[in-house]
Amino acid sequence: MPPRRLPADDMSRRNRASAARLAAMMVALVFIGGAFLAIARFTRALDHVSSGQRALHPDMRYTAAYTGSHRVDVANFLADDAILKPLLARKQFRRTTPIDRVPHDSLSFEKFFRDYESAQRPVIIENVPIGGAPWTRDLIRERCGDARVTPVVDNPTKGEEWGNLKKAEATTVRGFLDAIQRGGKGAGLYMHDWAIPKHCPELLRDYAIPKYFVQDYLAALKVRTGDGITEGSYSPYKDSWPSLFVGEKATGSGLHVDSGDTHFVMHMVDGVKDFRVLGVADRILAYENRENGTFAADLFAPDFEAHPLLALAHVYTATLRAGDLLFIPGGSGHQVVNQGPVIALSYNFVDASNVKRVITAFEASQKYDRADSMLSEVDEGALNTALDAAPLPWAEARRIRAEGVR
């Protein structure tokens, strides 16, 4: 039998359908190809800025290559680069990520060390007890009222002072608390990083140090003299932490990095604090000036016209309330705004996760005379005995740290 012929109308319909399917496939291929090309360009752009980061700050170390003002040539080159311009034109951070929250009773030291410290990831540990009587302004006044404090105030000239803070007139703790309560000339005063062991150890009478931070090499430093050991202490650190923060609404600190790549912890006692955190590799994107430790950029009020590289930054965000404890990895930039009256305490510390980085930073800076060699004296064995313990009374934590050196 001769092959059956389709009617002309059926042939026309089938041809049109085939052509439509072919056109749809071509559109899909073009779309997919465009998406892959966009992803490739985006990846290339990020690789490009990473190369600029390494050129400006190789190995993230303190080197001669990372000097000069925040208007550095490399930053300007990146901001003007054709590959990056589409990304910079968005005028928003590349990514913002809320910091992880973990209840303290479900976070072991091993998990904290592995998933956060060693991974250089910030984390909020919830419901961390402080121990003893509640820390109120009345308690601080009662136990520390006669001690001396030099408050700080916000420096309106951004980029000239570390953390955009400058010192105010020294007074007593009682005088400071009275001044901020009255307002007026006391408005804007901020007790910032006030060393409690040095100025008011009585405040730590009932304090329990969280198990995650008992292993602090800086607090265990001793000086070897002859054949014996003298508990000589590297004075800028031995009794510096925990330190106290007390302030009113709108106080805080500008974007900054803590000294020597030490880890940072903020334990909220009362009030609300907002944090913005910038990873080590992204610090160039905030126009850092390593000569004076300042940043031109503001992570709470970013100006993408003045600082276009901010559009490439990955910024972590957090709001802390009473009982929250925030861990920020060493070398990370961070900025703080207090949302009302606050009381908080903090630590800077060194342990096995960052000791090599800290030694490198100390070796490169004349500010830390002998600290690098003294850190190598620390014996992890004695310090590790407390890692799985419950929060330790301050006196007991100091005893364990004191045994941490051969």
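Residues numbered from 1 in each chain as written. Predicted model: local features only at pLDDT ≥ 70, side-chain atom pairs only at ≥ 80, totals over all residues. Heavy atoms only, no water.

Peer 1: Honestly, the overall build of the protein chain in this entry has me stumped. Any pointers?
Peer 2: Scanning the protein chain from N- to C-terminus turns up 12 helices and 22 strands. Taken across its 406 residues, the protein chain has 49% of its residues classed as buried. Considering only contacts in the protein chain between residues 6 or more positions apart, those separated by 24 or more positions represent 79%. When the accessible surface of the protein chain is totalled, it reaches about 19,700 Å², and 53% of it is carbon and sulfur. (Helix = DSSP H or I, 4+ residues; strand = E, 2+ residues; numbered from the N terminus. Buried < 20%, exposed > 50% of the residue type's maximum accessible area, 1.4 Å probe, protein only. Contact = heavy atoms within 4.5 Å. Areas by Shrake-Rupley, 256 points an atom, 1.4 Å probe, with all protein chains shown as cover.)

Peer 1: Any chance you could explain the sheet that holds strand β1 (residues 95-98) here in plain terms?
Peer 2: The strands making up a sheet associate through hydrogen bonds between their backbones, and the pairing can be parallel or antiparallel. Read from one edge of the open sheet, five strands run β1-β18-β15-β20-β13, paired in mixed fashion. The open sheet terminates on both sides in strands that have one partner only, identified here as β1 and β13 (252-256). Put simply, the sheet's adjacent strands are angled 20° from each other on average, direction ignored. (Pairing = 2+ DSSP bridges. Axes fitted to C-alpha atoms, helices over the stretch in contact; angles between N-to-C directions.)

Peer 1: Hey, could you run me through the packing of aromatic side chains in this one?
Peer 2: Two numbers describe a pair of aromatic rings. These are the distance of the centres and the angle of the planes. Using the criterion set out here, one finds 12 aromatic pairs in the structure. Here Y190 and F245 contribute two aromatic rings whose centre-to-centre distance is 6.1 Å and whose plane-to-plane angle is 55°, an arrangement assigned as tilted. Within this pair, whereas Y190 is found in strand β8 (residues 190-195), its partner F245 is found in strand β12 (residues 243-247), the two being separated by 55 residues in sequence. Assessed through its relative accessible area of 3%, Y190 is described here as buried. We classify F245 as buried; its relative accessible area is 4%. Ring geometry for Y207 and W394: centres 6.5 Å apart, planes at 50°, overall tilted. With Y207 in the loop between α7 (196-199) and β9 (208-209) and W394 in helix α12 (residues 394-402), this residue pair connects regions lying 187 residues apart in the sequence. Accessibility expressed as a relative area gives 1% for Y207, which makes it buried. According to the relative accessible area criterion, W394 is buried, its value standing at 8%. (Phe/Tyr/Trp six-rings, centres within 6.5 Å; stacked < 30°, edge-to-face > 60°.)

Peer 1: How should I be thinking about the nonpolar core in this particular structure?
Peer 2: Nonpolar side chains tend toward joint burial in soluble globular proteins. Ranked by internal contacts, the top residues of the largest apolar core, which has 53 residues, are F112, W135, V173, W194, L203, Y207 and L244. For this core, the element with the highest residue contribution is helix α6 (residues 173-182), accounting for five residues. Leave out the neighbours within four places in its chain, and V173 touches I140, C144, G145, A147, V149, M191 and W194. Grouped together as the second largest cluster of nonpolar side chains are 20 residues, L278, L309, A311 and V315 included. (Core = buried A, V, L, I, M, F, W, Y, C linked by side-chain atoms within 4.5 Å.)

Peer 1: Explain the pattern of salt bridges here, please?
Peer 2: Should the charged atoms of two oppositely charged side chains come close, the side chains can pair. The tally for this structure, following the rule as stated, stands at 13 salt bridges. A salt bridge links D100 to R121, with the nearest nitrogen and oxygen atoms 2.3 Å apart. In this pair, D100 is assigned in strand β2 (residues 100-103) and R121 in the loop between α4 (109-117) and β3 (123-126), connecting sequence segments 21 residues apart. Look at D100 and you get partly exposed, because its relative accessible area is 30%. (Salt bridge = Lys/Arg side-chain N within 4 Å of Asp/Glu carboxyl O.)

Peer 1: Looking at this structure, how should I read the environment of S259?
Peer 2: Here S259 lies in the loop between β13 and β14 (263-270). The exposure class of S259 is partly exposed, given its relative accessible area of 35%. For S259 and G330, which are 71 residues apart along the polypeptide, the C-alpha to C-alpha distance reads 8.8 Å.

Peer 1: I would appreciate a short explanation of unusual backbone geometry in the present structure.
Peer 2: Most peptide bonds take the trans configuration, and most residues that are not glycine carry a negative phi. With omega at 5°, the peptide bond leading from W241 into P242 counts as cis. Of note, P242 is situated in the loop between α8 (235-238) and β12. Its identity is not glycine, yet Y287 carries a phi of approximately 60°, on the positive side. Assignment of secondary structure puts Y287 in the loop between β15 (273-278) and β16 (288-289). We classify Y287 as buried; its relative accessible area is 6%.

Peer 1: Would you mind showing me how to read helix α5 (residues 137-144) here?
Peer 2: Those residues of α5 that fall on the buried side of the exposure criterion are L139, I140, R143 and C144. Along the axis of α5, the buried positions cluster into a sector of 100°, meaning they face one direction only. Residues of α5 that are exposed and angled more than 90 degrees away from the buried face: D138 and E142. Here the buried face of α5 lies against α6, β8, β12 and β21 (342-349). (Arc of directions from axis to C-beta.)

Peer 1: In this structure, what is going on with the confidence of the model for the protein chain? I would like to understand it.
Peer 2: Low-pLDDT stretches of the model should not have their predicted coordinates read in fine detail. With 66% of its residues at a pLDDT of 70 or more, the protein chain has an overall mean of 78. This stretch, residues 51-73, has a pLDDT under 50; its non-local contacts, to residues over four places away or in other chains, come to 42 contacts. Here residues 223-235 is modelled with pLDDT under 50, and outside its nearest four sequence neighbours on either side it reaches 29 contacts, counting other chains as well. (pLDDT = per-residue confidence, 0-100.)

Peer 1: So what exactly am I meant to see when it comes to the environment of A311 here?
Peer 2: Along the chain, A311 falls in the loop between β17 (294-295) and β18 (314-320). Remark: the alpha-carbon pair of A311 and A286, spanning 25 residues in sequence, is separated by 9.7 Å.

Peer 1: Which parts of the structure should I look at to understand the packing of α5 against α6?
Peer 2: Any two packed helices are characterised by how steeply their axes cross, that is the angle between the axes, and by the distance between the axes. The N-to-C vectors of α5 and α6 enclose an angle of 150°; their axes lie 9 Å apart at closest approach. Taken together, α5 and α6 sit at an angle that is classed as roughly antiparallel. Counting all contacts with α5, which are made through R137, I140, R141 and C144, the residues of α6 involved are V173, R174, L177, D178, I180 and Q181. A breakdown of the residues in the contact of α5 with α6 according to their chemical character gives five nonpolar, one polar and four charged. (Parallel < 35°, antiparallel > 145°, perpendicular 65-115°, else oblique. Nonpolar A, V, L, I, M, F, W, Y, C, P; charged D, E, K, R; others polar.)

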